[in-house]
Amino acid sequence: MKRIVVTGVGAVTPVGLDARTSFENIVKGKSGIGYITKFDASNFRVRIAGEVKDFNPDRYVPKKDVKKYDLFSLYAIAATKEALDDAGIETEKEDKERIGVSVGSGIGGLPTIEKYKEICLEKGEKSISPFFIPLAVINMASCDIAIMYGFKGPNFSDVTACATGAHSIGLAMRAIQYGDADIMIAGGTESAICPLAIGGFSSMRALSTRNDEPEAASRPFDRDRDGFIVSEGAGVVILEEYEHAKRRGAEIYAELCGFGMSCDAYHITAPDPDGEGASLAMENALKDAHCNLEDVDYINAHGTSTHYNDIVETRAIKKLFKEHAYKLCVSSNKSQIGHLLGAAGGVEAVFTVLTVKNGIVPPTINLEHPDPECDLNYVPNVAQEKEINVAMNNSFGFGGTNAVLVFRKL
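S.K.: So what exactly am I meant to see when it comes to the pairing of strand S13 (residues 390-397) here?
M.R.: The buried count for S13 comes to 8 of 8 residues, which makes it a mostly enclosed element. Taken together, the 3 bridges between strand S9 (residues 298-300) and S13 define a ladder with parallel strand orientation. Bridge pairing in S13 links asparagine 300 to asparagine 393. Inspection of the sheet shows S13 paired to strand S14 (residues 401-408) by 8 bridges, in the antiparallel sense. Its bridge partner being in S14, phenylalanine 396 is matched across the sheet by asparagine 402. Taken together, S13 and the strand that follows it, S14, pair antiparallel across an intervening segment of 3 residues, in which glycine 399 is found at a positive phi of about 90 degrees.

S.K.: Which parts of the structure should I look at to understand the nonpolar core?
M.R.: Note on soluble globular proteins: their nonpolar side chains tend to be buried together. Membership of the largest hydrophobic core comes to 46 residues, with the highest contact counts inside it found for Val6, Val9, Ile169, Val237, Leu239, Leu405 and Phe407. Ignoring anything within four residues of it in the chain, the contact list for valine 9 reads Ala19, Arg20, Glu82, Ala83, Asp86, Val236, Val237, Tyr253, Val350, Val353 and Leu354. The next biggest cluster of nonpolar side chains, apart from the first, holds 31 residues, and it includes Phe72, Leu84, Tyr149 and Val236.

S.K.: Which parts of the structure should I look at to understand the environment of threonine 160?
M.R.: Inspection of the secondary structure assignment puts threonine 160 in the loop between strand S5 (155-156) and helix H6 (164-177). Note on threonine 160: relative accessible area 16%, which makes it buried. For the pair threonine 160 and leucine 341, spaced 181 residues apart in the sequence, the C-alpha separation amounts to 9.7 Å. Here threonine 160 is in contact with His167, Gly397 and Thr401, once residues within four sequence places are set aside. Side-chain polar atoms of threonine 160 contact the side chain of histidine 167, separated by 2.8 Å.

S.K.: Would you mind going over the pattern of salt bridges with me for this structure?
M.R.: Pairs may arise between side chains of opposite charge once their charged atoms sit close together. As enumerated under the stated definition, the model contains 25 salt bridges in all. For arginine 225, the salt bridge goes to aspartate 310, with nearest N and O atoms at 3.2 Å. Note that arginine 225 is positioned in the loop between helix H7 (195-203) and strand S7 (233-241) and aspartate 310 in helix H10 (residues 307-321), a separation of 85 residues in sequence. Judged by relative accessible area, arginine 225 falls into the buried class, the value being 7%. Two residues, arginine 315 and glutamate 373, come together in a salt bridge whose shortest N-O distance is 3.0 Å. With arginine 315 in helix H10 and glutamate 373 in the loop between strand S11 (360-361) and strand S12 (384-385), the pair connects residues that are 58 residues apart, well separated along the chain.

S.K.: What is the right way to read the environment of valine 353 from this model?
M.R.: Along the chain, the position of valine 353 falls in helix H12 (residues 344-358). For the pair valine 353 and arginine 248, spaced 105 residues apart in sequence, the C-alpha separation works out to 21 Å.

S.K.: Hey, could you run me through the layout of surface pockets in this one?
M.R.: Empty space left among the atoms is revealed by rolling a probe the size of a water molecule over them. The calculated volume of the largest pocket comes to roughly 520 Å³. As for the largest pocket, its lining consists of 30 residues, of which Thr269, Pro271, Thr306, Asn309 and Phe398 are closest to the centre. Looking at the lining of the largest pocket, the elements with two or more residues in it are H10 and S13. Taken together, the residues of the lining of the largest pocket sort by class into 12 nonpolar, 13 polar and 5 charged.

S.K.: Looking at this structure, I do not really get the packing of aromatic side chains. What am I missing?
M.R.: Any two aromatic rings considered together are summarised by their centre-to-centre distance and by the angle between their planes. All told, the structure shown has 9 aromatic pairs when counted by the stated rule. Seen from their ring centres, phenylalanine 23 and phenylalanine 351 are 6.1 Å apart, and the 40 degrees between their planes marks the pair as tilted. Here phenylalanine 351 lies in helix H12 and phenylalanine 23 lies in helix H1 (residues 19-27), a separation of 328 residues in the sequence. There is no split in this pair, since phenylalanine 23 and phenylalanine 351 are both buried. On the numbers, 5.3 Å between centres and 65 degrees between planes, the contact of phenylalanine 39 with phenylalanine 44 is edge-to-face. For phenylalanine 39, a relative accessible area of 14% corresponds to the buried category. Since its relative accessible area comes to 25%, phenylalanine 44 is described here as partly exposed. These aromatic residues form a ring-pair network of at least three members: Phe55, Tyr60 and Tyr75. Above the ring of tyrosine 253, the side-chain terminus of lysine 357 is found at 5.9 Å from the ring centroid.

Parameters at a glance
Residues numbered from 1 in each chain as written. Predicted model: local features only at pLDDT ≥ 70, side-chain atom pairs only at ≥ 80, totals over all residues. Heavy atoms only, no water. Buried < 20%, exposed > 50% of the residue type's maximum accessible area, 1.4 Å probe, protein only. Helix = DSSP H or I, 4+ residues; strand = E, 2+ residues; numbered from the N terminus. Pairing = 2+ DSSP bridges. Core = buried A, V, L, I, M, F, W, Y, C linked by side-chain atoms within 4.5 Å. Contact = heavy atoms within 4.5 Å. Polar contact = N/O pair within 3.5 Å; in protein donor to acceptor, adjacent residues only side chain to side chain. Salt bridge = Lys/Arg side-chain N within 4 Å of Asp/Glu carboxyl O. 1 Å grid on protein atoms, 1.4 Å probe; cavity = no way out; pocket = protein on both sides within 12 Å on 5 of 7 lines; lining within 4 Å. Points joined across faces, edges and corners; volume = space filled by probe spheres on them. Nonpolar A, V, L, I, M, F, W, Y, C, P; charged D, E, K, R; others polar. Phe/Tyr/Trp six-rings, centres within 6.5 Å; stacked < 30°, edge-to-face > 60°. Lys NZ or Arg CZ within 6 Å of the ring centre and 35° of its normal.

Put into structure tokens, the structure is as follows:
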């Protein structure tokens, strides 16, 4: 079986406009959560989110063409440019039929759908832009990237709610293993901070209402957590067949050695209380990686800051790892950046790779009063320096769909 390595990373997040700045800020424990500015949320039950700050699309596409792209696509394009530059890939010298794109989104152009529904109702159908449908459909992020660079390899967009980014990376790994590509641009992107999304998640009682303390609102594994924070951004990794990467002298961050999937088959939003589905996905990923339980040093947790997710994920980890669970570092990036929905797995994969590369584990901030049912080492509030040889990245989505990635230090 072909070996797959990560040779480049890129990210746009609430704590930075590139991967390294974002990682440095989460290591420092900086929060990217603040008050919503994208629309007037003063009368909403939830008035906080993880917005990307100071993003300038003109850096990535010609100013005259910006209107042709939804923001979720622009975030993906920005993260991809950074990742390609980071990988040192000279696209004009590569066989573009052997380069593919797998960048998914959980919701896609929801703000655009919201906008044009209002325009249609107010001004009639003739006022709808011909760009509306291409702006909104989820696969357009992958297609926009391919069109921009001329990549003619596999092109697809996974949609599995909050597991989208991780599934996209895992399926991209498979595309290389099956011989369909030598290089895959893979990850997730999202920009859904709009009235419909905030109102919809709020109606489910899924979001934190700690409006007076935005930076303290996301608190995974803490006794006083009260929901997640909707956030936006993108995370992209360059996956490359190992021998191909060696031939061109690429710097390798880590090996993507395992990918596991499962389904709880339990409920449309709630996880299986026993953690069986999550545990199975982790077990499948370790089997795929040919790793033993004791090999794992770190788990980048899904860690949403919702009551059931954090307890169930903890149960799942203990169910699989048993005594070794208490020797693991487990932390949640969502404590700093909130929940990027379909982009979460992409951004958190970037951070997991950088954790392996740099030997420093980001903290779970706002962990002041640990939930008694959450009793692992969640790296509370302060980063921990530790050599990480094998790291796991968990992503779990609505409908009970689970995806787990395993990265190994080389």
